[in-house]
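# A look at the structure
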Amino acid sequence: MIDALMANILWMVFIVVGGVLISWSVHFVPVGGAPAAMAQATGIGTGTVQLAAGAGLTGLVSAGFMMNVTKDLPLILASGAVGAMIMISVTMIVGTWVYVYGVGCVPSSAKVKVDPITKYRQDLYVSQGTEGHGLPTVSFVSGVIGGCLGGIGGALIYYSLIEVGVTAGLAASASSSVTGNELVGIAAMFAIGIFFVNAVIPSYNIGGTIEGFHDPKWKKWPKAVMSSFVATILCAIVAVIAISQLGGI
Amino acid sequence: MSAGGAGGGATAAYPQQTIMAIGAVGGLAGIYLGHFMPPAFSFFGGLGAICAIVWGADAVRRVASYGLGTGVPSIGMIALGMGIVAALFGLSVGGIAGPIVSFIAAAIIGAVIGVLANKVIGMGIPIMEQAMVEIAGAGTLAIIGLSVVIAGTFNYADVVQNVVANGYIALIFIIGGMGILHPFNANLGPDEKQDRTLMLAVEKAAIAVVITGFASSLHEGLMAAGLNIFVGLVIWAFAFMKYYELVKRDAFSVVGTGLLPSAEELE
C-alpha cells in the first residue's frame with residue numbers, strides 16, 4: 001500500500017493541485033442561489049454545486065475526449081478548460097437572456113459602484129430591495145475564468161487517476177464489450193467525488209452567493225483553498241490506493 | 001440570505017442515537033446479508049441502503065436546520081462525494097471487512113472536512129463535525145448497499161465489473177444523494193416534522209431500490225431483479241401512503257381543486 005503511494009507521488013501532487021484549482025475556481029463563478037432565481041441578487045440563479053458540477057463535469061468529458069487521441073498533458077488540460085468555459089458561458093448567456101427579456105431587469109451589480117471592466121455605473125440600475133440582478137460584464141468574465149480553472153482542475157485529477165491506473169498495469173483504451181472499461185469508470189467516479197467535495201467546501205466559504213472577483217467575499221479564498229488542500233490530500237491517498245488495487249484483480 | 005433553516009437546533013421525536021443505530025447497524029447488517037445470501041436475496045443490500053439513507057436524511061435535517069448559507073443539496077452532494085471515495089477505497093483494501101473499512105474511512109474524511117468547515121472556514125455550526133461524520137458514513141453505506149443490489153456482492157472485483165465499469169455507479173451516486181438531500185429540502189420550513197421528513201426518506205430510498213433493481217437484471221437475471229423491484233415497490237407504496245397521511249395530518253386543510261374550468265365557464 002505504501003509502495004503504491006510512493007510510486008504515484010507525482011500524480012498525487014497533481015490531484016491535490018487539481019482539487020485546489022477547483023476550490024479556487026468556485027470563487028470566480030457568479031453564483032446567485034435562490035435569490036438570483038427570483039432576480040433579487042446578481043448571478044446565475046442556482047447553487048454553487050450545480051454550477052461547478054455542470055461546468056466541471058463537462059470539462060471532464062471534454063478532457064476524456066482529448067485523451068482518446070493524445071497523451072499530451074497540456075492539450076488535455078486545454079480541452080478540459082475549453083469545455084468547462086463553453087458550458088459556463090452558455091449557462092450565463094442564456095441566464096442573461098432570461099433576466100433581460102423575460103424578467104425585464106438590467107444586469108447590474110450591487111457590490112460595486114462601477115463595473116471594473118466596462119466602467120458603467122451600476123448603482124443607478126439596481127432595483128430597490130434587491131442586491132442586484134442579472135449578469136453584468138464583470139461577472140460574466142469572472143465566470144469564464146472560473147470555468148477555465150475548474151476545467152483544468154477536473155482534467156488534471158482525471159488524467160492523474162488514469163495515469164495511476166496505467167502505472168498499476170491497466171489499460172485505459174476503449175473496449176468494445178458491454179461491460180465497459182474498469183479504469184475509466186473508476187477514475188471518472190473518483191474525479192467526480194473529489195470534484196463535489198472541492199465544490200462544496202468553497203460554497204460554504206462564500207455563504208452560497210458571490211458575484212465574481214470584484215465581490216468583497218472573493219478575498220476569503222485562501223481559507224477555502226487551505227481546507228480543500230487538506231481534504232484533497234486525504235481523497236488523493238484513498239483514490240490512489242483504490243486504483244492501485246485494481247491492478248491486482 | 002440563508003437558504004433553509006431558521007438558525008437553531010432541530011426538534012426531534014426520535015432521538016438521534018436511535019436513528020444512528022438504525023442507520024449504522026441496519027445498513028451494515030443489510031449489506032452483509034445481501035453479500036452472503038444467494039444473489040436472489042440481494043434486496044437485503046437495498047434494505048441496508050434504506051436504513052443508511054434515513055440516517056443520512058436525519059443528519060442533514062439536524063445540520064441544515066442551522067442554516068448552511070447555501071442550499072441543502074450541497075450537503076447531500078458532499079455526502080456522496082465523500083461516500084464514493086471512501087466506499088471504493090474500503091472495498092478495495094478491506095476484503096470481507098470492506099464495508100466496515102469504508103465506513104471508518106468515511107468517518108475520518110467526514111471528521112476532517114467537518115473540522116475544516118468549522119475551524120478554517122468558520123461556519124460556526126456546533127454539530128458540524130459530528131454531522132459530517134454521520135453524513136459521510138450514511139452516504140458510504142447507501143452506495144455500498146445499492147451496489148450490493150446490482151452486483152449481489154461487495155467483492156471489489158465484482159463491484160468494479162458490474163457497477164462501476166458500466167456506469168451504474170453514476171446512477172447510484174445521484175439517486176443515493178437524492179434520498180439523503182431531498183427529504184429535508186422538500187419539507188423544510190417552520191412546520192417541518194421529523195417523522196414526515198424521515199418517511200419521505202424511506203420513500204425516496206425505496207425508489208432507489210426499484211431503480212437499482214432494474215439495473216440488477218443485467219447481471220443477476222430477471223428473477224432476482226424482479227424480486228428487488230417487488231420489494232422496492234412494496235416499501236415505496238407503504239411509505240408513500242404513510243407520507244401522504246402525515247402531509248394531511250400536518251396540513252391546515254387538504255382541498256381538491258377540481259378540474260380546470262372549460263372555456264365557456266371562464267367567460
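Placed above this text is the structure.
This report concerns the structure included in the present document. This is a predicted model, so every value here is computed, not measured. (Residues numbered from 1 in each chain as written. Chains lettered and ligands numbered in written order. Predicted model: local features only at pLDDT ≥ 70, side-chain atom pairs only at ≥ 80, totals over all residues. Heavy atoms only, no water.)

### Some details on the overall build of chain A
Stated formally: Counting from the N terminus, the helices are DSSP H or I runs at least four residues long and the strands are E runs at least two residues long. The atom set for the radius of gyration is the C-alpha atoms, and the globule formula is 2.2 Å times the number of residues raised to the power 0.38.
Of regular secondary structure, chain A possesses eight helices and two strands. Listing the helices and strands of chain A from first to last along the sequence gives α-α-α-α-α-β-β-α-α-α. The C-alpha atoms of chain A give 20 Å as radius of gyration, which agrees with the globular expectation for 249 residues (18 Å, within 12%). In terms of overall dimensions, chain A has C-alpha extents of about 65 × 35 × 25 Å along its principal axes.

### Comments concerning empty space enclosed by the protein
The following threshold applies: Using a 1 Å grid laid over the protein atoms alone, points where a 1.4 Å probe fits but cannot get out form a cavity; open sets with protein on both sides within 12 Å along at least 5 of 7 lines form a pocket; any residue with an atom within 4 Å of a point counts as lining. Grid points are joined across faces, edges and corners, and a volume is the space filled by probe spheres set on the points. Here the term charged refers only to Asp, Glu, Lys and Arg, the term nonpolar to Ala, Val, Leu, Ile, Met, Phe, Trp, Tyr, Cys and Pro, and the term polar to all other amino acids, Gly among them.
Using the criterion set out here, one finds three cavities of 30 Å³ or more in the structure. Size it by volume and the largest cavity reaches roughly 50 Å³. Here the lining of the largest cavity is built from residues that sort into five nonpolar, five polar and no charged. If you add up the space inside the second largest cavity, you get close to 40 Å³.

### Considering unusual backbone geometry
Glycine aside, negative phi is the norm for most residues, and most peptide bonds take the trans geometry. All names here are of chain A. Quick note on the threshold: Under the scheme applied here, a residue whose accessible area is under 20% of the maximum for its type counts as buried, over 50% as exposed, and between as partly exposed, the area being computed with a 1.4 Å probe on protein chains only.
Phi is positive for Ala 39, close to 55 degrees, though the residue is something other than glycine. Tracing the backbone shows Ala 39 in the loop between helix H3 (33-37) and helix H4 (48-69). One non-glycine residue, Lys 119, lies in the positive phi region at around 65 degrees. Its location among the elements puts Lys 119 in the loop between strand S1 (108-109) and strand S2 (132-133). You can call Lys 119 exposed: its relative accessible area is 57%.

### Observations regarding the packing of aromatic side chains
We count it as follows: When the centres of two rings from Phe, Tyr and Trp lie within 6.5 Å, Trp using its six-membered ring, the rings pair. Their planes under 30 degrees apart give stacked, over 60 give edge-to-face, and anything left gives tilted.
Evaluated as defined, the whole model comprises 14 aromatic pairs over all chains. Their ring planes at 65 degrees and their centres at 6.4 Å tell us that Phe 28 of chain A and Phe 213 of chain A sit as a pair that is edge-to-face. One end of the pair, Phe 28 of chain A, is in the loop between helix H2 (9-26) and H3; the other, Phe 213 of chain A, is in the loop between helix H7 (182-205) and helix H8 (221-246), and 185 residues separate them in sequence. Ring plane angle 20 degrees and centroid distance 6.2 Å describe the contact between Tyr 32 of chain B and Phe 36 of chain B, whose orientation is recorded as stacked.

The values reported here are purely geometric and, on their own, carry no functional implication.
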